[in-house]
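# Coordinate analysis (summary)
This is what each chain is made of:
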Amino acid sequence: LFAIFAFATCGGYSGGLRLSVDCANKSESDLSIDIAFAYPFRLHQVNFDAPTCEGKRREKLSLIGDFSSSAEFFVTIAVFAFLYSLAATVVYIFFQNKYRENNRGPLIDFIVTVVFSFLWLVSSSAWAKGLSDVKIATDPDEVLLLMSACKQQSNKCLPVRSPVMSSLNTSVVFGFLNFILWAGNIWFVFKETGWHSSGQRHAPDTMEKQSSGYNQGGYNQDSYGPAGGYNQQGSYGQVGEYGQSQSYGQSGPTSFSNQI
């Protein structure tokens with residue numbers, strides 16, 4: 001839906017402006033000069049006639065600039081994004097088993113999502129700059145400067161109607177919204193790939209190896225038994241320098257013996 005709004009508001013645009021040239025000789029005036037333009041904004045091909053205020057002679061002029069490259073690039077990305085989104089939706093709903101069969105589907109989906117995120121950012125930025133140039137080239141005050149009659153102070157040149165650019169502004173907004181949408185979707189597509197699942201399996205395996213290493217390395221609570229000098233009854237024995245053995249229980253020394 002976001003892609004549809006993006007290419008519809010840009011590719012379906014048509015607008016125009018109206019100028020008024022009031023010559024000193026009223027019979028030579030033209031108070032309604034309409035100039036229409038539309039997508040893909042090849043303004044240098046938009047021609048119009050204007051009075052020269054020198055008899056009945058009129059001059060043929062054209063707007064300045066060609067902004068079709070950025071506009072067509074933006075619309076092309078929007079159309080392909082719409083087609084891919086439509087195809088991906090069909091795969092998600094009807095071919096989910098084949099999509100997850102050998103992990104190839106999620107990997108392709110992830111790569112395409114990253115590419116479209118980058119293309120949305122580039123195309124939206126390019127079209128935003130192109131739209132700014134279109135606004136300047138179609139500004140009635142700028143177009144009046146192209147007319148020779150407006151260079152004479154005896155004639156009055158006025159803008160009557162400026163072009164409405166609201167839909168084009170909306171297309172730029174939807175372009176950047178599409179970038180945010182596709183960039184945010186990278187994480188969710190990444191979770192479907194084998195890279196994310198392998199990372200989750202690697203962490204428990206590492207912890208299991210570390211825990212087994214402690215047990216095999218001799219760190220065991222069972223090693224502290226009678227062999228280590230402690231018995232389960234809370235007593236321990238000591239051997240003196242001359243072979244004398246002393247045994248102590250919980251209530252102190254209980255016996256003394258000499259051993260040869």
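It should be emphasised that the depicted structure is a prediction, and the values quoted were computed from it without experimental measurement.

## Focus on the state of the cysteines
Applying the stated rule across the entire model yields two disulfides. Sulfur-sulfur distance for the disulfide between Cys 23 and Cys 53 comes to 1.8 Å. The S-S bond linking Cys 23 to Cys 53 shows a torsion near -70°; that makes this disulfide left-handed. With Cys 23 in the loop between β1 (14-22) and β2 (30-38) and Cys 53 in the loop between β3 (47-51) and β4 (58-62), this pair connects stretches of sequence that are 30 residues apart. The pair Cys 23 / Cys 53 is uniform in exposure class, with both members buried. Two residues, Cys 150 and Cys 157, share a disulfide whose sulfurs are 2.1 Å apart. Here the disulfide of Cys 150 and Cys 157 is left-handed, its torsion about the S-S bond being about -100°.

## A look at helix α1 (residues 2-11)
Counting along an α-helix, one turn takes 3.6 residues, and residues three or four places apart therefore face a common direction. Of all the residues in α1, the buried ones are Ala 3, Ala 6, Thr 9 and Cys 10. Down the axis of α1, the smallest arc covering the buried residues is 150°, so these residues share one side. Looking at the packing, one finds that the buried side of α1 touches α2 (68-94), α4 (104-137) and α6 (166-190).

## As for the pattern of salt bridges
If you walk through the whole model with that rule in mind, you get six salt bridges. Ionic pairing is found between Asp 30 and Arg 58, a salt bridge with its closest N-O pair at 2.8 Å. On the criterion of sequence distance, the pair formed by Asp 30 in strand β2 and Arg 58 in strand β4 is long-range, its members being 28 residues apart. For Arg 58, a relative accessible area of 40% puts it in the partly exposed group. Among the ionic pairs, Glu 72 bridges to Arg 42, the shortest N-O distance being 3.1 Å. Note that Glu 72 is positioned in helix α2 and Arg 42 in the loop between β2 and β3, a separation of 30 residues in sequence. A relative accessible area of 28% means that Glu 72 is categorised as partly exposed.

## Things to note about the side chain of Thr 113
Relative to the helices and strands, Thr 113 resides in helix α4. Every residue in contact with Thr 113, bar those within four places of it in the chain, is listed here: Trp 182, Asn 185, Ile 186 and Val 189.

## A few points about the UniProt feature "transmembrane region" (unreviewed entry) in the chain
Here the UniProt-annotated "transmembrane region" (unreviewed entry) positions come out as residues 73-95, 107-128 and 172-190. A helix fraction of 100% and a strand fraction of 0% characterise residues 107-128, whose end C-alpha atoms lie 32 Å from each other.

## Focus: the sheet that holds strand β5 (residues 156-161)
Strands sit in the order β2-β1-β5 across an open sheet of three strands; the sheet is antiparallel. Each edge of the open sheet is held by one strand with a lone partner, namely β2 and β5. Taking the axes of each pair of neighbouring strands and ignoring which way they run, one obtains an average angle of 25° across the sheet. In this structure, β1 lies alongside β5, joined through five bridges in antiparallel fashion. Its bridge partner being in β5, Leu 19 is matched across the sheet by Pro 159.

Parameters and conventions
- Residues numbered from 1 in each chain as written.
- Predicted model: local features only at pLDDT ≥ 70, side-chain atom pairs only at ≥ 80, totals over all residues.
- Heavy atoms only, no water.
- Disulfide = S-S within 2.5 Å.
- Helix = DSSP H or I, 4+ residues; strand = E, 2+ residues; numbered from the N terminus.
- Buried < 20%, exposed > 50% of the residue type's maximum accessible area, 1.4 Å probe, protein only.
- Arc of directions from axis to C-beta.
- Contact = heavy atoms within 4.5 Å.
- Salt bridge = Lys/Arg side-chain N within 4 Å of Asp/Glu carboxyl O.
- UniProt positions renumbered as here; feature names shortened; annotations may be inferred.
- Pairing = 2+ DSSP bridges.
- Axes fitted to C-alpha atoms, helices over the stretch in contact; angles between N-to-C directions.

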